[in-house]
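Fold and geometry: a report
This is what each chain is made of:
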Amino acid sequence: MYVGFSSSTGAVASSHYILGWSFNRGGQAQSLDVSKLPTLPTPRKSTKKPHLRIVVPAITAIILLVAISGDVCIIRRKKYEELREDWEQEYGPQRFSYKDLYKATKGFTDSELLGCGGFGKVYRGVLSSSSMQVAVKKVSHDSRQGTKEFVAEIVSMGRLRHRNLVQLFGYCRRKGELLLVYDYMPNGSLDKLQFRNDTPSLNWARRYQIIRGVASALLYLHEEWEQVVLHRDVKASNVLLDADLNGRLGDFGLAKFHDHGSTPQTTKVVGTVGYLAPEITRTGKSTTCSDVFSFGTFMLEVTCGRKPVESERPPEEVVLVDWVLECWNRGAILGTVDPRLEGNHVEEEMELVLKLGLLCTHRTPAARPSMRQAVQYLDGNATLPDLPLHGAGIGLVPVSNEVSTEHVLTIPNSSDEISSYSVSDSESIFSGR
């Protein structure tokens, strides 16, 4: 049998002494008389040892606090981590910090969620620096187009200035996300008021004002800005209403820029079924004429109080444009007016809008008016030409035509998101829903 003694207190220095022991090969060990044990030796004098019990734990605690603080800083830095490149410095004020947007939206909490759409989610936020309300749109960022060109296009949108356009204030890039900061529209989208039974219907005077506002915005985009801007997705769900119920065209997710006098380089079919001009499904090329077609459909949508394609209606009424055209041929075009207006409208204005809607949706692009002409008609500064009898050449492309929903440029997303956005009843994610 071997007997040993061992003692340890870790890294802290200390002295250990064996003062006595007792063993017995059989039975109980002999009791020790503590009074007879040798005296404990006097420890060597040291100025350090008395303080070890205080200093060492204190140092250890400090080290732990520093380590924890470092981890917290790393976590917070990752939480607010952004993508920044040297060439973005030129955009200055249009670049928002992710930290500011995170705080503005209370951490992108669901309580601030305004709505979801094919492109992502939109949150209401309040910027701490100015107390201004904004809408922050989070979308996935795919740099197929080239990051620099992509951001340059976003910044170009931020330079658009018109009272009937939703203002883009700036952007932020973070990992695979792009965050766009827009002016907040408290009354949501136009189709929210048009088609939801729990909200009051807009009267005709307000609808007419909204139509004129959107027409003015498209004229600015097509002719009055430094470049031609093709919106490519004009519809009621992309028209937002400010505090005074003025219509503002928003959601430039499909917008395309090109110089005045040049030919737009678009080869993909993009937009929403029901608003697409027939030539787009054949060539894939968007022009100002195709925007005019969408605007014509939008006018009929607002005036008639229904969506462009409603499959549950009788066959002759499924396609809005074709139905209005048929009623025009029968001399009963005012029979298409939204019944919720209860006859409270100016017939001359109503007939003007319906006929202009048909003219803007003419099958032949060259036969459609320009947005400048459309604005003149709506303002009463020009006389609308007579429509051809039986609507020769007017009408939508058949709904059965297959439409590619591949998305290009400006806000690329996954194919699933694009498909869900590009078919019939898609909602604007800036609409406050």
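Residues numbered from 1 in each chain as written. Predicted model: local features only at pLDDT ≥ 70, side-chain atom pairs only at ≥ 80, totals over all residues. Heavy atoms only, no water.

**Focus on the overall build of the chain**
Check the secondary structure of the chain and you find 11 helices and 9 strands. Considering the chain as a whole, with its 433 residues, one finds that 47% of them fall into the buried category. Taking the contacts inside the chain whose residues are at least 6 apart along the sequence as the reference set, 67% of them involve residues at least 24 apart. (Helix = DSSP H or I, 4+ residues; strand = E, 2+ residues; numbered from the N terminus. Buried < 20%, exposed > 50% of the residue type's maximum accessible area, 1.4 Å probe, protein only. Contact = heavy atoms within 4.5 Å.)

**Topic: the packing of aromatic side chains**
Two measures describe an aromatic ring pair: the distance that separates the ring centres and the angle between the ring planes. Within this structure, the stated rule accounts for 7 aromatic pairs. Of the aromatic side chains, those joined through ring pairs into one cluster are Tyr98, Tyr102, Phe108 and Tyr123. Here Lys138 stacks its cationic end above the ring of Phe108, 4.2 Å away from the centre of that ring. Over the ring of Trp323 we find Arg313, and its NZ or CZ is 6.0 Å from the ring centre. (Phe/Tyr/Trp six-rings, centres within 6.5 Å; stacked < 30°, edge-to-face > 60°. Lys NZ or Arg CZ within 6 Å of the ring centre and 35° of its normal.)

**Thoughts on the side chain of Asp338**
By the secondary structure assignment, Asp338 is in the loop between α8 (320-329) and α9 (347-360). Exposure remark for Asp338: the relative accessible area of 3% places this residue in the buried category. Side-chain polar atoms of Asp338 contact the backbone nitrogen of Arg340, separated by 3.0 Å. Not counting the four nearest positions on each side in its chain, Asp338 is found in contact with Ser201, Arg207, Thr303, Cys304 and Gly305. (Polar contact = N/O pair within 3.5 Å; in protein donor to acceptor, adjacent residues only side chain to side chain.)

**Quick word on unusual backbone geometry**
Here Ser131, not a glycine, exhibits a phi torsion of approximately 60°, which is positive. Looking at the element boundaries, Ser131 is found in the loop between β2 (120-126) and β3 (133-140). Under the relative-accessibility criterion, Ser131 is labelled exposed at 57%. Of note in this structure, Glu342 is not a glycine but carries a positive phi near 55°.

**Side note on the nonpolar core**
When a protein is soluble and globular, its nonpolar side chains tend to lie buried together. Leu190, Leu221, Phe295, Phe298 and Val324 are the most contacted members of the largest nonpolar core, which totals 74 residues. For this core, the element with the most residues is helix α5 (residues 204-224), which contributes 11 residues. If you look at the next biggest cluster of nonpolar residues, it comprises 12 residues, including Phe96, Tyr98, Ala104 and Tyr123. (Core = buried A, V, L, I, M, F, W, Y, C linked by side-chain atoms within 4.5 Å.)

**A few points about the pattern of salt bridges**
What the rule picks out here adds up to 18 salt bridges. In this structure, Asp379 and Arg212 form a salt bridge, with 2.9 Å as the shortest nitrogen-oxygen distance. A residue pair is termed long-range when its members are at least 10 positions apart, and Asp379 in helix α10 (residues 371-379) and Arg212 in helix α5 qualify at 167 residues. Judged by relative accessible area, which is 37%, Arg212 ranks as partly exposed. One connected set of salt bridges, linked through shared partners, spans Arg306, Glu310, Arg313 and Glu317. (Salt bridge = Lys/Arg side-chain N within 4 Å of Asp/Glu carboxyl O.)

**Observations concerning the packing of α5 against α9**
Put simply, α5 and α9 touch, their axes get as near as 11 Å, and they point 40° apart. The angle between the axes of α5 and α9 places the two elements in the oblique class. Taken as a pair, α5 and α9 cross one another with a handedness that is left-handed. Contacts between α5 and α9 involve Trp204, Tyr208 and Ile211 on the former and, on the latter, Glu349, Met350, Leu352 and Val353. Across the contact of α5 with α9, the residue classes break down as 6 nonpolar, no polar and 1 charged. (Axes fitted to C-alpha atoms, helices over the stretch in contact; angles between N-to-C directions. Parallel < 35°, antiparallel > 145°, perpendicular 65-115°, else oblique. Left-handed = near helix turned anticlockwise from the far one by under 90°. Nonpolar A, V, L, I, M, F, W, Y, C, P; charged D, E, K, R; others polar.)

**Some thoughts on a nonpolar patch on the surface**
A surface patch of nonpolar side chains, amounting to about 590 Å² of accessible area, comprises Val3, Phe5, Ile18, Trp21 and Phe23. Mapping Phe5 onto the fold places it in the segment before α1 (49-79). (Patch = residues over 30% accessible without salt bridge, like charges linked within 9 Å, V, L, I, M, F, W, Y side chains within 5 Å. Areas by Shrake-Rupley, 256 points an atom, 1.4 Å probe, with all protein chains shown as cover.)

**Comments concerning the pairing of strand β4 (residues 168-174)**
For β4, a buried count of 6 out of 7 residues is recorded, marking the element as mostly surrounded by other parts of the structure. Examined bridge by bridge, β4 and strand β5 (residues 177-183) share 6 bridges and lie antiparallel to one another. Paired with Arg173 across the strands is Leu178, a residue of β5. (Pairing = 2+ DSSP bridges.)

**Quick notes on the confidence of the model for the chain**
Here the chain shows a mean pLDDT of 77. Residues at 70 or above account for 73%. Below a pLDDT of 50 lies the segment residues 389-393, which in the model reaches 8 contacts outside its immediate sequence neighbourhood of four places, other chains included. Taken together, the stretch residues 395-433 has pLDDT below 50 and engages in 135 contacts with residues farther than four places along the chain or on a different chain. (pLDDT = per-residue confidence, 0-100.)

**Looking at α9**
The terminal C-alpha atoms of α9 lie 20 Å apart, and with 14 residues this matches the ideal 20 Å at 1.5 Å per residue to within 8%. Taken residue by residue, α9 has Met350, Leu352, Val353, Leu354, Lys355, Leu356, Gly357, Leu358, Leu359 and Cys360 as its buried positions. Those residues of α9 that are buried lie in contact with α5, α7 (288-304), α8 and α10. (Expected span 1.5 Å × (residues − 1).)

**Notes on the packing of α5 against α10**
Direction vectors running N to C along α5 and α10 enclose 150°, while the axes themselves pass 8 Å from each other. By the angle between their directions, the pair α5 and α10 is classed as roughly antiparallel. Relative to α10, α5 is oriented so that their crossing is left-handed. Residue-level inspection shows Tyr208, Ile211, Arg212, Ala215, Ser216, Leu218, Leu219, His222, Glu223 and Glu224 of α5 in contact with α10, the latter providing Met371, Arg372, Val375, Leu378 and Asp379. For the contact of α5 with α10, the residue count by class is 8 nonpolar, 2 polar and 5 charged.

**A look at α10**
One full turn of an α-helix is made of 3.6 residues, so residues set three or four places apart face in the same direction. Taken residue by residue, α10 has Met371, Ala374, Val375, Tyr377 and Leu378 as its buried positions. On an axial view of α10, the arc spanned by its buried residues comes to 160°, and they lie on one face. In this structure, the buried residues of α10 make contact with α5, α7 and α9. At the exit of α10 stands Gly380, carrying a positive phi of roughly 80°. (Arc of directions from axis to C-beta.)

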